[in-house]
Amino acid sequence: FAQYVNDLNDFRFRAERSFLKEQIEGVDSQKVPYGYPRSIRVDAYEYRDDGTLCVYDLKTGKAGLADRRADILANAIKLGFNSVRRVIVMEVRPRQ
């Protein structure tokens, strides 16, 4: 999925980026390294011109996107962007 998203080469549509779960002094929220402590990785996100940030959480098993996980994703990604008006988190299930 990440390869598909990145192959589109759209700077507004990105995959597998890490975001901080909370503000941490001395850490640039725009450049959080993969696997950084107290960070969360989103499968993909898309920034829209109207200030909407869509977060795509890929699911391949039986488990779905829990409300708590959606809240964590939305709050973390909002910290990583300055001009976000709203965040929409959605579960994505690929077709076989």
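In this report, we go over the structure that sits alongside the text. (Residues numbered from 1 in each chain as written. Predicted model: local features only at pLDDT ≥ 70, side-chain atom pairs only at ≥ 80, totals over all residues. Heavy atoms only, no water.)

**Focus: the pattern of salt bridges**
Link 1 in the chain: Taken as a whole and judged by the stated rule, the model has 7 salt bridges.
Link 2 in the chain: For E46, the salt bridge identified is with R48, shortest N-O distance 3.3 Å.
Link 3 in the chain: Across the pair R93 and E91 runs a salt bridge, and its minimum N-O distance is 2.8 Å.
Link 4 in the chain: By relative accessible area, R93 is classed as partly exposed at 38%.
Link 5 in the chain: What emerges from the salt-bridge pattern is a single network uniting D10, R12 and D49. (Salt bridge = Lys/Arg side-chain N within 4 Å of Asp/Glu carboxyl O. Buried < 20%, exposed > 50% of the residue type's maximum accessible area, 1.4 Å probe, protein only.)

**Overview of the side chain of D57**
Link 1 in the chain: Turning to its location among the elements, D57 is positioned in strand β3 (residues 52–58).
Link 2 in the chain: Among the polar contacts listed, one links the side chain of D57 to the side chain of K59, at a separation of 3.0 Å.
Link 3 in the chain: Not counting residues within four places of it along the chain, the set of residues in contact with D57 comprises D43, L65, R69, L73, M90, E91 and V92. (Helix = DSSP H or I, 4+ residues; strand = E, 2+ residues; numbered from the N terminus. Polar contact = N/O pair within 3.5 Å; in protein donor to acceptor, adjacent residues only side chain to side chain. Contact = heavy atoms within 4.5 Å.)

Function cannot be read off these values alone, since they describe shape.
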